[in-house]
Amino acid sequence: MRKHDGPGEGRTPGHNDPGGATARVRDNGRSPPPPADPEGSPLPMTQLQIGPHAVQPPVVLAPMAGITNAPFRTLCREFSGGKGLFVSEMITTRALVERNEKTMQLIHFDETEKPRSIQLYGVDPDTVGKAVRMIAEEDLADHIDLNFGCPVPKVTRKGGGSALPYKRHLLRSILREAVSNAGELPVTMKMRKGIDDDHITYLDAGRIAVEEGVTAIALHGRTAAQHYGGTADWDAIARLKETVPEIPVLGNGDIWSADDALRMVRETGCDGVVVGRGCLGRPWLFGDLVAAFEGTGTYAKPTLKEVAAVMLRHATLLGEWLGDEARGVIDFRKHVAWYTKGFSIGSELRKKLAIASSLDELDALMSELDLDQPWPVGADGPRGRTSGRNRVVLPDGWLDDPYDCAGVTADAELDTSGG
Ligand SMILES: Cc1cc2nc3c(=O)[nH]c(=O)nc-3n(C[C@H](O)[C@H](O)[C@H](O)COP(=O)(O)O)c2cc1C
């Protein structure tokens with residue numbers, strides 16, 4: 001592997017990063033220690049237990065297709081000191097059962113990942129059952145999460161994703177097949193509030209999940225109609241917690257800072273938090289989350305130089321994972337705008353960074369930046385998708401009867417995983 005000067009100096013490619021990019025962000029440029037609880041009252045925190053796995057502090061990296069692959073999970077884990085749970089991007093059950101080549105690559109975990117957490121998406125109880133059995137029998141993961149939250153029109157149009165929990169019997173069948181084929185593996189589910197404000201499903205779905213032996217539930221406090229717009233409804237998380245006191249409830253939606261996470265726990269009584277877009281271009285948020293829950297640490301405020309070093313490491317890890325440096329840098333392009341958000345960088349240089357195709361090129365471009373810039377004011381706010389949508393596309397007659405025994409055709413599954 002080539003040696004890099006400039007912002008990547010001291011970068012140590014590979015899965016260990018002793019004294020490297022992540023350590024520097026952890027150690028430098030930090031804000032003063034946060035209070036254990038900014039409101040001054042003790043957090044009603046119990047240990048989060050996902051089956052046999054203790055998750056302490058109770059912070060979970062949200063599954064994000066195209067993002068939370070092994071390299072990104074590794075980065076987040078390095079910042080958290082190995083604490084927390086890091087869920088894979090969504091894997092389509094049909095593609096898994098068919099051993100699709102891309103899918104088999106996506107389910108790769110770094111050997112240091114413990115527990116290995118995989119998210120599955122499926123619409124057919126039988127195929128979901130087979131996929132879960134395959135994971136259990138072949139020891140492919142330690143925890144299985146089922147995704148019922150996808151709002152993508154091409155999926156809801158067929159009755160999949162966040163449209164599916166509306167059909168209570170179908171949801172129950174899928175959960176039953178998953179749990180009964182999982183052996184000792186804990187099965188959790190992640191969902192939205194419902195299709196839209198007139199078709200709310202999460203409380204029924206929560207009860208069904210408990211009855212079918214699901215271990216924990218994560219709720220994204222939006223309907224499918226909201227997509228990523230508006231504000232996540234944290235009251236719904238509290239209501240779910242009251243409705244399913246038997247199992248842990250994880251709150252999800254609009255956690256942009258470690259203090260947001262504490263606030264969600266305090267305001268909703270949820271047992272843990274799931275953090276998605278807040279980590280985009282900010283894997284060190286995981287270090288902040290651990291610091292906040294433990295009340296011991298400080299929050300990272302990396303300079304552009306430190307951010308650049310993390311960017312290079314991320315791109316390097318992607319190249320190693322894909323087995324091809326150029327493919328790694330190309331896959332990394334989508335992350336550039338998130339990492340550099342708020343920093344003063346000329347538009348030409350920004351464009352060039354987003355089309356770099358080798359580590360050398362990325363490195364050279366980054367050494368042209370004004371690397372001494374401090375962490376920008378306001379860069380901790382919303383990032384990633386934030387747009388709303390008004391109408392959820394559904395199959396004809398889908399809303400007529402929540403209790404009919406509709407099945408969903410296989411084409412409600414995406415062709416490939418992580419899409
Ligand atoms: C790019 C992207 C990809 C996503 N992919 C998935 C996915 O594969 N599975 C899933 O359950 N949710 C997925 N989500 C939703 C997130 O897991 C999370 O529920 C949502 O972003 C709300 O949390 P946040 O406000 O912390 O981002 C995705 C979100 C984004 C932005």
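The rules behind the values
Residues numbered from 1 in each chain as written. Predicted model: local features only at pLDDT ≥ 70, side-chain atom pairs only at ≥ 80, totals over all residues. Helix = DSSP H or I, 4+ residues; strand = E, 2+ residues; numbered from the N terminus. Buried ≥ 20, exposed ≤ 12 C-beta atoms within 10 Å, placed from the backbone. Near = placed C-beta within 6 Å. Nonpolar A, V, L, I, M, F, W, Y, C, P; charged D, E, K, R; others polar. Right-handed = clockwise from strand over helix to strand, strands pointing away. Pairing = 2+ DSSP bridges. Core = buried A, V, L, I, M, F, W, Y, C linked by C-beta atoms within 7 Å. Domains from an automatic or database assignment. Contact = placed C-beta atoms within 7 Å. Axes fitted to C-alpha atoms, helices over the stretch in contact; angles between N-to-C directions. Parallel < 35°, antiparallel > 145°, perpendicular 65-115°, else oblique. Left-handed = near helix turned anticlockwise from the far one by under 90°.

1. Regarding unusual backbone geometry
Move 1: The linkage connecting glutamine 56 with the following residue, proline 57, adopts the cis geometry, with an omega of -5°.
Move 2: Here proline 57 is to be found in the loop between strand E2 (53–55) and strand E3 (59–61).
Move 3: Although it is not a glycine, aspartate 254 sits at a positive phi angle of roughly 65°.
Move 4: Structurally, aspartate 254 is set in the loop between strand E10 (249–252) and helix H10 (258–268).
Move 5: Using a count of 22 C-beta atoms within 10 Å as the deciding quantity, one classes aspartate 254 as buried.

2. A look at the site of the ligand
Move 1: Contacts to the ligand come from 22 residues, most closely from Ala62, Met64, Met90, Gly276 and Arg277.
Move 2: When grouped by side-chain class, the residues that make up the shell around the ligand number eight nonpolar, nine polar and five charged.

3. As for the pairing of E10
Move 1: Side chains Val249 and Gly251 of E10 all project onto a buried face; the interleaved residues Leu250 and Asn252 project onto the opposite face, where all are buried too.
Move 2: In this view, the connection linking strand E9 (residues 216–223) to its parallel neighbour E10 by way of helix H9 (residues 234–243) has right-handed handedness.
Move 3: Bridging between E10 and strand E11 (residues 272–275) involves three bridges; their strand directions are parallel. Each bridged residue has a counterpart across the sheet, and for glycine 251 the counterpart in E11 is valine 273.

4. Description of the nonpolar core
Move 1: The biggest cluster of nonpolar side chains holds 124 residues, and the ones touching the most others in it are Ile144, Ile217, Ala261, Val273 and Val275.
Move 2: Ranked by residues supplied to this core, first place goes to helix H12 (residues 304–322) with 11 residues.
Move 3: In this structure, this core is formed jointly by two domains, domain 1 (6–30 + 300–367) and domain 2 (48–280 + 388–412), each of which donates at least three residues.
Move 4: Discounting chain neighbours no more than four positions away, the residues touching isoleucine 144 are Ile118, Leu120, Val132, Ile135, Ala178, Ala182, Leu185 and Val187.

5. A short note on the environment of glycine 20
Move 1: Tracing the backbone shows glycine 20 in the segment before helix H1 (21–27).
Move 2: For glycine 20 and valine 310, which are 290 residues apart along the polypeptide, the C-alpha to C-alpha distance reads 8.7 Å.

6. Concerning the environment of phenylalanine 86
Move 1: Note on placement: phenylalanine 86 falls in strand E4 (residues 85–92).
Move 2: What makes phenylalanine 86 buried here is the crowd of 26 C-beta atoms within 10 Å.
Move 3: With 32 residues separating them along the chain, phenylalanine 86 and isoleucine 118 place their C-alpha atoms 8.8 Å apart.
Move 4: Those residues in contact with phenylalanine 86 that sit more than four places away from it in its chain are Leu61, Arg73, Cys76, Arg77 and Ser117.

7. Observations regarding the packing of H10 against helix H11 (residues 285–294)
Move 1: In the contact formed by H10 and H11, the axes pass within 8 Å of each other and the chain directions differ by 45°. As summarised for this structure, H10 and H11 are arranged oblique, according to the angle between their axes. Like other packed secondary-structure pairs, H10 and H11 cross with a definite hand, here right-handed. On the side of H10, the interface is formed by Ala258, Asp259, Ala261 and Leu262, while H11 contributes Leu285, Asp288, Leu289, Ala291 and Ala292.
Move 2: Taken together, the residues of the contact of H10 with H11 break down into seven nonpolar, no polar and two charged.

8. Overview of H11
Move 1: Burial analysis of H11 places nine of its 10 residues in the buried class, which makes it a mostly covered element.
Move 2: Within the sequence span of H11, burial applies to Leu285, Phe286, Gly287, Asp288, Leu289, Val290, Ala291, Ala292 and Phe293.
Move 3: Positioned one or two residues after H11, glycine 295 has a phi angle of 65°, which is positive.

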